[in-house]
Amino acid sequence: MAYHRPLLWNGMFPKVLSGLSSAPRRTIGAIVAVGVPFLLFAGIGTPLPTFADVVLDGVQPGERFGASVATAGDVNGDGYSDIIVGMPDYDNGADTDAGRVMVFHGSATGLFGSAAWAMTGGLANARFGHSVSTAGDVNGDGYSDVIIGAPGYSGQGAVFVYHGSATGLQLSIAWSALGGEAGCAFGTSVALAGDVNNDLVSDVLVGAPLANESGADRGKVYCYRGALATGLVATPLWTRSGTQDNAQFGFSVAGAGDLNGDGRSDIVIGEPFFDASLTDRGRITVFHGNGTGLSLSVTRDGPSSNAHFGHAVSSAGDMNGDGFSDLLVGAPGYSTGRGRAYGYRGGATAIEATATSIFNGTQVSARLGSSVSLAGDVNADGYADVVVGAPLHDGGFTDGGQALVFIGGAVAGSHFTTAYRTYNGAQVNAQMGFSVHTCGDVDGDGVSDLLLGAPEQGGVGRVGVHEGGADVLSVPTAPAWSQEPDVANAWMGASVDQAGDVNGDGFADVIVGVPGMNQARVYLGSPAGLLSTYWSATGSAADEEFGYSVSGAGDVNGDGYSDVIIGGYAHDGFRGRAYVYLGSPAGLGATYHWRVTGATAAGRFGGSVSSAGDVNGDGYSDIVVGAFLENDVGAVHVYHGSSTGLTSTASWTIAGTQVNAWFGSVVTGGGDVDADGYDDVLIGGQRHDNAGLGQCGV
């Protein structure tokens, strides 16, 4: 996600952009600033690097730098995303485990290595920075704000919000709240909720999973609303308590985007120790925004005892492009701690009953699904992607950890079949993947970047930033689609072009000339690509080489369906002829809508055909036809579209000036080359002689 401006997430999540870079980067230098060693690896911008583009290391032993990571939005309004990093076990002098948080700014060259802002917890055992998140823009001033959880603060927990400004985060606390109950762990989880009450100001979520309202450790979740100018309101907009002892409702919380497509923000809450016939199977609860607050939608339960389903929750963005946000859930205890990740698709009423996308961990006690997050669009294909952490995975190093990236796409089945990228920790007990998140777009290239935390790396912790980039396409070894007529001298493929969308199903179609068979064919697009079945038409006279030229014609009658044009330049002793067939919900008709025969013998009318765009600006597509030997000098004719289709006589004709120059042997629409609001045409004369130089072309 490119969070160039503060987030509201009013219903749908922001449009996700992205990709990542590959190949090892050459180290070009290292500096130390604000106590954080910083390494920059310069590369060539290939997809998803094996090594991080930027590495940030902790300093204090045991501080667990990177135990929590998140995008911070754009806290200084410079157009680049920033990141926030928590180190909850940082010791502030005698105050052990006071915790600390740092914010790093993005720039045109990527993430700055020196922290732009740092804040330390004020009490021992506060664990300030246990949870961190962007808060969106809670006061409507145009700058992103952040929210930080300190679940051990004063024995009850607290959360703190800091406002952004033109210079970055302010040092003074803009808003804070205390748990109000000893041991409730208020602030264990924090998140941007989106805008659940439709006031165009961001709202936030806070979880207190050990709250004892009506029972021991049942948990409680709070939603606080933002307000213009002032920021978060002290009184919660909405609260919800767990219903089962020790289930820990609110252990995880997240804004879920717009799961049901109603234009309002939804949320999800994890309850990983919920029992429903199976001990600690876990549960998630989804609430839909209703315009004034939140309403219960559905619950989903974990698959087995000790699965801890809901330990981590996140929006998955829109992984399949259907217009509904999807949901990501981790169950790290599943199958003796192998872990599992679930991707639920959104829908008009609720998320699906059974997750379409499921990925199972393969290693006992690796805890896959301990962390889950929307990654943005890491391969720049327009679909949301996700990242899943397995912090105790042994991949060369015991408990080195692992992070997996899964990409979205227009598929009916699972998005989790194969990981797009896999990262393994590089040190014993590094716990790579303990925290995962999108960076937003820290370098402003329009592509999302990835943020991975390894809080035990080197005994101090490490965060890696992987900058996004579009995939480099591999050279195919076989065509995705091919057709052969199995007829001698058919000349299939003598002409080919896009046909537009002749049946209005949303998929592009293609047209192919087979002039040796006096035929043209149109193959329809589909979710699986081009079909092997086809529509065909045949010339009205034998041997006219119908299909010698073919093209999409645009929409000549303005009915919303693409039309096609076909030339048969050998008709009637090469006088030539051109045909237009109209599209419809059923595809192209069997009978031509328009047919014109060349005016001169051997003129080869229809030797070239194309859409001309809209040359007169009336909203209807026009066509252009070449007759490259008309009167021996060649000519080009344009016919205008209208509500009833094409005119029968040319609206514009231009003749060549040189005998046998083949003026009009190639024609095409040229777009609007002078930006005057009218489309233009291009004409080729491939045998034109230039100042005595034969067949130079023009």
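Residues numbered from 1 in each chain as written. Predicted model: local features only at pLDDT ≥ 70, side-chain atom pairs only at ≥ 80, totals over all residues. Heavy atoms only, no water.

**As for the sheet that holds strand β19 (residues 294-301)**
Overall, antiparallel pairing links the four strands, which are arranged β16-β17-β18-β19 in an open sheet. Each edge of the open sheet is held by one strand with a lone partner, namely β16 (252-257) and β19. Strand-to-strand twist in this sheet, taken as the mean axis angle between neighbours without regard to direction, amounts to 25°. (Pairing = 2+ DSSP bridges. Helix = DSSP H or I, 4+ residues; strand = E, 2+ residues; numbered from the N terminus. Axes fitted to C-alpha atoms, helices over the stretch in contact; angles between N-to-C directions.)

**Examining empty space enclosed by the protein**
Inspection of every chain in the model, using the stated rule, returns one cavity of 30 Å³ or more. Quantified by volume, the largest cavity comes out at close to 50 Å³. Around the largest cavity sit Ala316, Met319, Asp326, Leu327, Gly343, Tyr344, Arg345, Ser357 and His415, which together line it. Mapped by element, the contributors of at least two residues to the lining of the largest cavity are β21 (326-331) and β22 (340-344). Grouping the constituent residues of the lining of the largest cavity by class yields four nonpolar, three polar and two charged. (1 Å grid on protein atoms, 1.4 Å probe; cavity = no way out; pocket = protein on both sides within 12 Å on 5 of 7 lines; lining within 4 Å. Points joined across faces, edges and corners; volume = space filled by probe spheres on them. Nonpolar A, V, L, I, M, F, W, Y, C, P; charged D, E, K, R; others polar.)

**Re the nonpolar core**
In this structure, Val268, Ile284, Leu327, Val329, Tyr344 and Ile351 are the most contacted members of the largest nonpolar core, which totals 19 residues. Elements that contribute at least two residues to this core include exactly β16, β18 (283-289), β21 and β22. Top element by residues in this core is β21. It accounts for three residues. Membership of the second largest hydrophobic core comes to 18 residues, among which are Ala70, Ala72, Trp117 and Met119. (Core = buried A, V, L, I, M, F, W, Y, C linked by side-chain atoms within 4.5 Å. Buried < 20%, exposed > 50% of the residue type's maximum accessible area, 1.4 Å probe, protein only.)

**A few points about the confidence of the model for the chain**
If pLDDT is low for a region, its predicted coordinates should not be looked at in detail. Model confidence for the chain is summarised by a mean pLDDT of 91, while 93% of its residues fall at 70 or above. This model gives residues 1-45 a pLDDT under 50, and the stretch forms 196 contacts once residues within four places in sequence are excluded. (pLDDT = per-residue confidence, 0-100. Contact = heavy atoms within 4.5 Å.)

**Description of the pattern of salt bridges**
By the definition in use, this model includes eight salt bridges. Measuring nitrogen to oxygen at the nearest pair gives 2.9 Å for the salt bridge that ties Lys220 to Glu213. Looking at Glu213, the relative accessible area reads 38%, which means it is partly exposed. (Salt bridge = Lys/Arg side-chain N within 4 Å of Asp/Glu carboxyl O.)

**Quick look at the side chain of Ser315**
Summarising the element assignment, Ser315 is placed in strand β20 (residues 312-317). By relative accessible area, which is 2% here, Ser315 ends up buried. For Ser315, the side chain forms a polar contact with the main-chain nitrogen of Gly317, separated by 2.9 Å. (Polar contact = N/O pair within 3.5 Å; in protein donor to acceptor, adjacent residues only side chain to side chain.)

**Some points on the environment of Val502**
Among the secondary structure elements, Val502 is positioned in the loop between β31 (495-500) and β32 (509-514). Its relative accessible area of 1% is what places Val502 among the buried residues. Sequence-wise, Val502 and Leu294 are 208 residues apart; in three dimensions their C-alpha atoms are separated by 44 Å. Dropping the residues within four chain positions of it, Val502 is found in contact with Asp509, Val522, Leu524, Tyr561, Ser562, Val564, Gly583, Ser584, Gly587 and Leu588.

**A closer look at the layout of surface pockets**
One water molecule sets the probe size; rolling that probe over the atoms shows where empty space is left. The calculated volume of the largest pocket comes to roughly 1000 Å³. Ala312, Val313, Ser370, Ser371 and Val372 are the residues nearest the centre of the largest pocket, which is lined by 44 residues in total. Elements with a contribution of two residues or more to the lining of the largest pocket: β4 (68-73), β8 (131-136), β12 (189-194), β16, β20, β24 (371-376) and β28 (435-440). Counted by class, the lining of the largest pocket contains 23 nonpolar, 18 polar and three charged residues. Taken as a whole, the second largest pocket spans an internal volume of roughly 370 Å³. Breaking the lining of the second largest pocket down by element, the ones donating at least two residues are β27 (421-424), β29 (449-454) and β30 (462-466). Of all the elements, β30 adds the most residues to the lining of the second largest pocket, at four residues. Looking at the lining of the second largest pocket residue by residue, the classes come out as ten nonpolar, seven polar and one charged.

**Quick word on the environment of Leu374**
Along the chain, Leu374 falls in strand β24. With a relative accessible area of 3%, Leu374 lands in the buried category. With 290 residues separating them in the primary sequence, Leu374 and Gly664 have C-alpha atoms 53 Å apart.

**Considering the packing of aromatic side chains**
Enumeration over the complete set of coordinates arrives at 22 aromatic pairs. Here the aromatic rings of Phe128 and Phe160 are separated by 5.7 Å at their centres, their planes lie at 65°, and the arrangement is edge-to-face. Taken together, the positions of Phe128 in the loop between β7 (117-120) and β8 and Phe160 in strand β10 (residues 158-162) put the pair 32 residues apart, joining distant regions of the chain. A relative accessible area of 9% means that Phe160 is categorised as buried. Ring centres of Phe406 and Phe416 lie 4.9 Å apart, and the angle between their planes is 45°; this geometry places the pair in the tilted category. Here Phe406 is found in strand β26 (residues 402-406), whereas its partner Phe416 is found in the loop between β26 and β27, with ten residues between them in sequence. The same class applies to Phe406 and to Phe416, which are both buried. Each residue in the set Tyr548, Tyr569, Phe574, Phe628 and Trp662 is aromatic and connected to the rest through ring pairs, giving one cluster. (Phe/Tyr/Trp six-rings, centres within 6.5 Å; stacked < 30°, edge-to-face > 60°.)

**A few points about the sheet that holds strand β38 (residues 594-597)**
One open sheet holds the four strands; their spatial order is β35-β36-β37-β38, and the pairing between them is antiparallel. With one partner strand each, in any of the chains shown, β35 (546-554) and β38 form the two edges of the open sheet. Strand-to-strand twist of the sheet, defined as the mean angle between neighbouring strand axes without regard to direction, takes the value 15°. Where β35 lies against strand β36 (residues 563-568), six bridges are found, and the strand directions are antiparallel. When the sheet's bridge partners are listed, Val550 is paired in β36 with Ile566.

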